[in-house]
Amino acid sequence: MTKRILTLLIALISIQCGSTYAQNVGIGEPNPGSKLSVKGGISIGDDYSTLTAPTGGLIIQGTVGLGTPTPDTTAILDMSSAAKGILLPTMNTIKMNALTNPKKGMLIFNSDSNNFHFYNGSSWVNFLLMGPSGPIGMAANLLSGLTGSGSGSGSTWYTGSGTPSVLTGNTNDMYLNTANGSYYKKTTALTWTLQGSLLGATGATGATGATGATGSNGATGHTGATGATGVTGATGATGANGAAGPTGATGATGSLGSGSAAGNTPYWNGSSWVLGSSNIYNNGGNVGIGNTSPASKLDVGGNVNISSNSAPSVLSIDAHNSQSNIAKITFTNTAGTGDFQIGGDGGDIFWQGGGSRNLQMGAWHGIDIIGGRVSSDPMDFQGGTGSSYNTRFLNTNDETGVIIQGNTSQSANLQEWRNASGTALAKVKSDGSLSIGSSGQFNVNASGNITKLNNITVSFPSSQGAANSYLVNDGSGNLSWATGGMGGGTTGATGATGPTGAVGATGATGATGADADKYATTSNSSVSIGTGSKTFAVDAGLAYTIGQTVIAAYSSSYYMIGTVTSYNNSTGSLTINVTSKTGSGTKSSWQINLNGAIGTQGDT
């Protein structure tokens with residue numbers, strides 16, 4: 001390892017396009033600021049060393065290890081750290097939308113939405129809004145709409161990439177221009193009339209970003225080489241030949257000689273200089289390590305290890321304040337599938353995608369998504385062992401935690417909660433209405449009114465009822481307020497008039513009859529709905545007797561019918577043997593009366 005480092009150092013010192021200064025090496029950079037500074041692109045790998053890297057960029061064919069001396073050979077990038085995370089490019093919505101020709105799968109952090117966004121090939125998608133695919137939109141429905149069953153005019157949709165021909169279709173037919181989203185209606189036999197467009201207006205051009213800060217001054221250059229020796233003076237007259245002196249000793253062999261091929265870079269093998277080596281190859285503009293045809297400032301044919309025992313191992317890629325020449329690491333493979341993976345130690349975190357597949361983000365433990373921090377300081381790590389959740393959203397200030405906002409033509413549900421088989425159990429629709437149950441058994445409309453209960457369509461009164469009133473169902477789900485007894489029977493029909501009898505003797509005066517309507521009462525007893533014996537605390541002094549049929553009702557959907565088994569006239573304790581019921585549960589506000597009281601006596 002020591003020989004390889006020494007060889008690389010000596011070779012880099014001799015590179016024609018590079019410079020050394022204060023123990024730093026520059027390739028294409030006369031004032032290197034790091035141990036190794038490269039001005040231009042870097043290509044690394046057996047097959048990549050002849051390729052041209054992006055300006056100020058780096059392309060690597062093999063495995064890259066960051067923070068680890070032994071990167072996993074099955075990973076394209078192996079990162080390991082117990083104190084640092086991954087920070088993606090951060091920008092606002094204007095700058096995000098201004099990116100030129102973004103690649104499908106590109107990922108950024110949006111500072112306006114405080115969420116990750118990725119480019120799906122046609123638009124930027126907020127991670128928070130990623131849900132299952134909604135129903136087919138309007139445009140697709142128009143294109144796949146069924147032909148009407150009528151035989152007359154106006155039963156067909158037409159499509160094309162331009163304006164419709166006057167000879168196409170009949171009156172009331174429709175036409176969609178698939179090139180720009182415009183749709184037409186045939187208003188007369190020879191006239192197509194534009195109705196509108198399925199495409200929204202183009203957004204306004206975003207504002208130009210602020211000019212970046214001026215970079216710091218570079219290090220002072222090293223002292224230049226000593227100037228050339230002055231012109232030699234005129235040759236003096238030739239003196240007489242002196243006596244021949246003795247032959248001197250043979251001089252030592254020079255340290256460097258000629259190489260064996262263009263681009264050779266010598267190295268010291270520990271005992272002598274090796275002149276014909278192409279391990280480091282310099283063609284006068286680019287340098288190749290393990291590559292004799294470098295296409296970038298530095299092309300490496302093989303693995304690269306960045307490691308230091310005394311300082312952090314950092315790979316710096318400087319885009320020099322350029323917003324177009326973005327500093328980046330490009331991951332590619334010869335198979336062309338576009339696979340992309342970033343993984344932590346032991347698979348603790350991962351991002352992956354590419355190859356026409358979804359971008360995925362996962363973690364061994366839970367995921368915390370935190371917005372609104374307004375701080376550049378890193379957060380403390382959150383222990384994952386024993387977490388009772390998979391993903392949570394954390395607020396750091398008094399702002400709305402999560403917003404799910406539809407677009408201007410939203411028709412699909414804003415939110416759905418689904419079971420493991422994919423069935424929606426709860427839905428928030430685009431108009432704000434709520435539906436609960438696999439078949440919408442409970443519904444609340446956008447005004448907050450209950451429109452379906454227990455899968456039964458209902459309509460509640462729009463105002464409050466009077467005191468002691470109750471709701472009555474008309475049998476179609478329309479509820480209204482009612483007062484008075486809940487059980488009185490109808491009056492019997494008047495009997496036929498009998499023949500006039502003989503006048504009898506005047507009878508004795510009968511006893512005074514009982515007061516009318518001593519049955520209707522209420523009870524606040526907590527009683528469960530069911531059959532069998534049920535006891536209620538009601539008014540005292542009522543006329544109930546054993547065997548009478550009574551009804552105890554909480555509402556038109558919850559009531560019990562049975563016969564009186566006991567009634568205490570003094571305490572008001574009423575016991576009923578319930579034989580039929582509607583509804584279930586325990587209620588404590590009851591209306592009690594005879595179930596179909598006997599009608600009044602007809603005329604004699």
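The model shown is predicted, which means the values in this text are computed figures rather than measured ones.

Definitions and limits used
Residues numbered from 1 in each chain as written. Predicted model: local features only at pLDDT ≥ 70, side-chain atom pairs only at ≥ 80, totals over all residues. Heavy atoms only, no water. Helix = DSSP H or I, 4+ residues; strand = E, 2+ residues; numbered from the N terminus. Buried < 20%, exposed > 50% of the residue type's maximum accessible area, 1.4 Å probe, protein only. Contact = heavy atoms within 4.5 Å. Areas by Shrake-Rupley, 256 points an atom, 1.4 Å probe, with all protein chains shown as cover. Patch = residues over 30% accessible without salt bridge, like charges linked within 9 Å, V, L, I, M, F, W, Y side chains within 5 Å. Salt bridge = Lys/Arg side-chain N within 4 Å of Asp/Glu carboxyl O. Core = buried A, V, L, I, M, F, W, Y, C linked by side-chain atoms within 4.5 Å. Pairing = 2+ DSSP bridges. Phe/Tyr/Trp six-rings, centres within 6.5 Å; stacked < 30°, edge-to-face > 60°. Lys NZ or Arg CZ within 6 Å of the ring centre and 35° of its normal. pLDDT = per-residue confidence, 0-100. Polar contact = N/O pair within 3.5 Å; in protein donor to acceptor, adjacent residues only side chain to side chain.

Considering the overall build of the protein chain
Counting its regular elements, the protein chain contains three helices and 42 strands. Within the protein chain, the proportion of its 604 residues that are buried is 23%. Counted over contacts in the protein chain with a minimum sequence separation of 6, partners at least 24 positions apart contribute 36%. Accessible surface computed for the protein chain: about 39500 Å², of which carbon and sulfur atoms make up 51%.

Overview of a nonpolar patch on the surface
There is a patch of nonpolar side chains on the surface, built from Val166, Leu167 and Leu190 and spanning about 330 Å² of accessible area. Along the polypeptide, Val166 turns up in the loop between β12 (157-160) and β13 (174-177).

Some points on the nonpolar core
Counting 17 residues, the largest nonpolar core has Phe536, Val538, Tyr544, Met560, Leu574, Trp590 and Ile592 as the members making the most contacts within it. Put simply, the parts of the chain that give this core at least two residues each are β38 (549-555), β39 (558-567), β40 (573-582) and β42 (590-594). In this structure, Trp590 is in contact with Thr521, Thr522, Ser523, Ser525, Val527, Ile529, Phe536, Ala552, Ala553, Tyr554 and Met560, ignoring residues within four places of it in sequence. Of all hydrophobic cores here, the second largest spans 12 residues; its members include Leu58, Ile60, Val64 and Ile280.

A short note on unusual backbone geometry
At Asn454, a residue that is not glycine, the phi angle is positive and equals roughly 55°. Mapped onto the elements, Asn454 comes out in the loop between β31 (450-453) and β32 (456-457). Phi is positive for Asn455, which is not a glycine, with a value near 65°. Looking at where Asn455 falls in the secondary structure, it is placed in the loop between β31 and β32.

Observations regarding the sheet that holds β31
In spatial order, the strands read β27-β28-β29-β30-β31-β32; together these six strands make up an open sheet with antiparallel pairing. Each end of this open sheet is capped by a strand with a single partner; those strands are β27 (415-418) and β32. Sheet topology note: the β31/β32 ladder contains two bridges and is antiparallel. When the sheet's bridge partners are listed, Leu453 is paired in β32 with Ile456.

Let's talk about the packing of aromatic side chains
Considering all chains together, one arrives at eight aromatic pairs under this definition. Each member of the aromatic cluster is reached from another via a ring pair, and the members are Tyr175, Tyr184 and Trp192. Above the ring of Tyr558, the side-chain terminus of Lys587 is found at 4.4 Å from the ring centroid.

Considering the pattern of salt bridges
In the structure shown here, the tally under the stated rule is one salt bridge. Glu416 is the salt-bridge partner of Arg418, the closest N and O atoms lying 2.8 Å from each other.

What about the sheet that holds strand β11 (residues 124-126)?
Here we have four strands laid out as an open sheet, ordered β8-β9-β10-β11, and mixed in their pairing. Edge positions in the sheet fall to β8 (90-91) and β11, since each has one partner strand and no second. Alignment of strand β9 (residues 107-110) against strand β10 (residues 115-119), held across four bridges, turns out to be antiparallel. Residue pairing across strands places Asn110 opposite Asn115, the latter belonging to β10.

Some thoughts on the confidence of the model for the protein chain
Model confidence for the protein chain is summarised by a mean pLDDT of 78, while 74% of its residues fall at 70 or above. Under a pLDDT of 50 for its full length, residues 1-10 has, in the predicted model, 10 contacts with residues more than four places off or in other chains.

What to know about the pairing of β9
Moving residue by residue along a regular strand, the side chains alternate between the two faces of the sheet. Relative to β9, β8 is paired through two bridges, and the arrangement is parallel. Paired with Met91 across the bridge in β9 is Asn110. Counting the residues between successive antiparallel strands, the hairpin from β9 to β10 contains four residues, one of them, Asn114, with a positive phi of roughly 55°.

Structural notes on the environment of Gly276
The residue Gly276 is located in the loop between β17 (273-274) and β18 (280-282) in this model. By relative accessible area, which is 42% here, Gly276 ends up partly exposed. Between the alpha carbons of Gly276 and Gly263 there is a distance of 9.3 Å; along the sequence they are 13 residues apart.

With respect to the pairing of strand β28 (residues 424-428)
Here four bridges tie β27 to β28, and the two strands are oriented antiparallel to one another. Residue pairing across strands places Glu416 opposite Lys427, the latter belonging to β28. The hairpin turn running from β27 into β28, its antiparallel successor, is five residues long, and Gly422 in that turn takes a positive phi close to 90°. Sheet topology note: the β28/strand β29 (residues 434-436) ladder contains three bridges and is antiparallel. If you follow Val428 over to β29, its bridge partner there is Leu434. What sits between β28 and β29 in their antiparallel hairpin is a turn of five residues, with Gly432 showing a positive phi close to 95°.

Some points on the side chain of Ser525
Its place among the elements puts Ser525 in the loop between β35 (521-523) and β36 (527-528). In terms of polar contacts, Ser525 uses its side chain to reach the backbone amide nitrogen of Ala537, at 3.0 Å. If sequence neighbours within four positions are ignored, Ser525 has contacts with Thr535, Phe536, Ala537, Lys587, Ser588 and Trp590.

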